[in-house]
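# Fold and geometry: a report
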Amino acid sequence: MTTTEWITDIALVLVVFRQLREGRLDHKTFLIPLGIVAFVAYSYLDSVPTGGNDLVAALTAVGAALGVAGGVYTRIRTLGGHLMIKAGAVSAILWVLGMGARMGFQLWVEHGGGADDVARFSIAHHITGDQAWVTAFVLMAVTEVVARVGTIYLRSRARTVSPAAPVLDRTA
């Protein structure tokens, strides 16, 4: 793994760890993770392979499921006219599980002797090259982040339907 990949992965893990402490739900809650995955998508997604097995679709679906579950298990409450957010233990575990699985797979392939096993699996399942794996794991990460942030956004909007209810903090 390159230094940039380590920094990006660690930054995404820290985004949720930062939310283990309760804080205001503000624009940074959405912009920081979306900015990170926009950088990742720009850096790693040259094309989306469409031939072979449905590896890309399967891992994207896993990312969506992890993201929605992480968003559901993030507490949103009102305090002093503001929405407060706190990632629960389940949310943090799901986030680290998704990130750790991607990092572990990459380390196993690059340094643990898994390259031959992945090559055999790819041939047997008609997966077209290593770019399909890169794309699948990047889309899994991007989808996990977007689904989590989207779920949190939708849940926060549901809490602000009445005129007297708190709104998204635009001052932070």
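Our subject is the structure that appears above.
Here goes a summary of the coordinates provided. Given the structure is predicted, the values throughout are model-derived calculations rather than measurements. (Residues numbered from 1 in each chain as written. Predicted model: local features only at pLDDT ≥ 70, side-chain atom pairs only at ≥ 80, totals over all residues. Heavy atoms only, no water.)

## Thoughts on the sheet that holds strand β3 (residues 82–87)
Rules: Only strands that DSSP links by at least two bridges are regarded as paired with each other. Helix numbering and strand numbering both begin at the N terminus, where a helix is a DSSP run of H or I of at least 4 residues and a strand a DSSP run of E of at least 2.
Spatially, the three strands line up as an open sheet ordered β1-β3-β2, and their pairing is antiparallel. The open sheet terminates on both sides in strands that have one partner only, identified here as β1 (23–24) and β2 (74–79). Where β2 meets β3, six bridges bridge the pair, whose relative direction is antiparallel. Within the sheet, the bridge partner assigned to R75 lies in β3 and is K86.

## Here we look at the pairing of β3
Where β1 lies against β3, two bridges are found, and the strand directions are antiparallel. Residue pairing across strands places G23 opposite I85, the latter belonging to β3. Turn length for the β2-β3 hairpin, with the two strands adjacent in sequence and antiparallel, is two residues, and the turn residue G80 shows positive phi of about 60 degrees.

## As for the side chain of T29
Which entries qualify depends on this criterion: A simple rule labels every residue: compare its accessible area, found with a 1.4 Å probe on the protein chains alone, to the largest value its type can have, and call it buried under 20%, exposed over 50%, or partly exposed in between. Throughout, a residue-residue contact means that at least one pair of heavy atoms, one from each residue, lies within 4.5 Å.
For T29, the position within the fold is in helix α2 (residues 27–44). T29 sits in the buried class, given a relative accessible area of 5%. Non-local contacts of T29, meaning those with residues more than four positions away in its chain, are made with Q19, R24, I85 and V149.

## Here's the deal with the packing of aromatic side chains
Here is the rule we go by: Think of it this way: a Phe, Tyr or Trp ring, Trp meaning its six-membered ring, pairs with another when their centres are within 6.5 Å, and the plane angle makes it stacked under 30 degrees, edge-to-face over 60, tilted otherwise.
For the structure on display, the rule yields six aromatic pairs. Note on F105 and F137: the rings are 4.8 Å apart at their centroids and 35 degrees apart in plane angle, and the pair reads as tilted. Residue F105 is found in helix α4 (residues 89–111), and its partner F137 is found in helix α6 (residues 130–158); the two are separated by 32 residues along the sequence. Judged by its relative accessible area of 17%, F137 is buried. Ring centres of F121 and W133 lie 6.0 Å apart, and the angle between their planes is 55 degrees; this geometry places the pair in the tilted category. Linking F121 in helix α5 (residues 115–124) with W133 in helix α6, this pair joins segments that are twelve residues apart in sequence. The class of F121 is partly exposed, set by a relative accessible area of 39%.

## Considerations on the environment of E144
With respect to the element layout, E144 can be found in helix α6. Here E144 falls in the buried class, since its relative accessible area comes to 1%. Sequence separation between E144 and W95 is 49 residues; the distance between their C-alpha atoms is 8.3 Å.

## Section: the packing of α4 against α5
This is how it is decided: Angles run from 0 to 180 degrees between N-to-C directions of axes, and those axes are lines fitted to C-alpha atoms, restricted for helices to the stretch in contact. An angle counts as roughly parallel when it lies under 35 degrees, as roughly antiparallel when it exceeds 145, as roughly perpendicular when it falls between 65 and 115, and as oblique in every other case. Polar here means any residue outside two lists: the nonpolar Ala, Val, Leu, Ile, Met, Phe, Trp, Tyr, Cys and Pro, and the charged Asp, Glu, Lys and Arg; Gly therefore counts as polar.
It is the contact of α4 with α5, at a shortest axis distance of 7 Å, that shows an interaxial angle of 105 degrees. Accordingly, the angle class assigned to the pair α4 and α5 is roughly perpendicular. On α5, the residues touching F105, W108 and V109 of α4 are A115, D117 and V118. When grouped by side-chain class, the residues that make up the contact of α4 with α5 number five nonpolar, no polar and one charged.

## Notes on α4
Selection rule: For a helix, the expected span equals 1.5 Å multiplied by the number of residues minus one.
Here α4 is 23 residues long and its end C-alpha atoms lie 31 Å apart, about the 33 Å a rise of 1.5 Å per residue gives. Just downstream of α4 lies G113, where phi reads positive at about 80 degrees.

## Concerning a nonpolar patch on the surface
Stated precisely, the cut-off is as follows: Patches in this entry comprise residues that are over 30% relatively accessible and not in a salt bridge; like charges within 9 Å are linked, as are nonpolar side chains (Val, Leu, Ile, Met, Phe, Trp, Tyr) within 5 Å. To measure how exposed things are, a 1.4 Å probe is used in the Shrake-Rupley method; for residues, cover is taken only from the protein chains shown. By definition, a salt bridge exists where a carboxyl oxygen of Asp or Glu is found within 4 Å of a side-chain nitrogen of Lys or Arg.
On the surface, a cluster of nonpolar side chains totalling about 500 Å² of accessible area is made up of W6, I10, L14, F17, L20 and V96. Sort the elements by how many residues they give to the nonpolar patch and helix α1 (residues 3–18) lands first, with four residues. Looking at the secondary structure, you find L20 in the loop between α1 and β1. Of the residues examined, L20 reaches a relative accessible area of 33% and is grouped as partly exposed.

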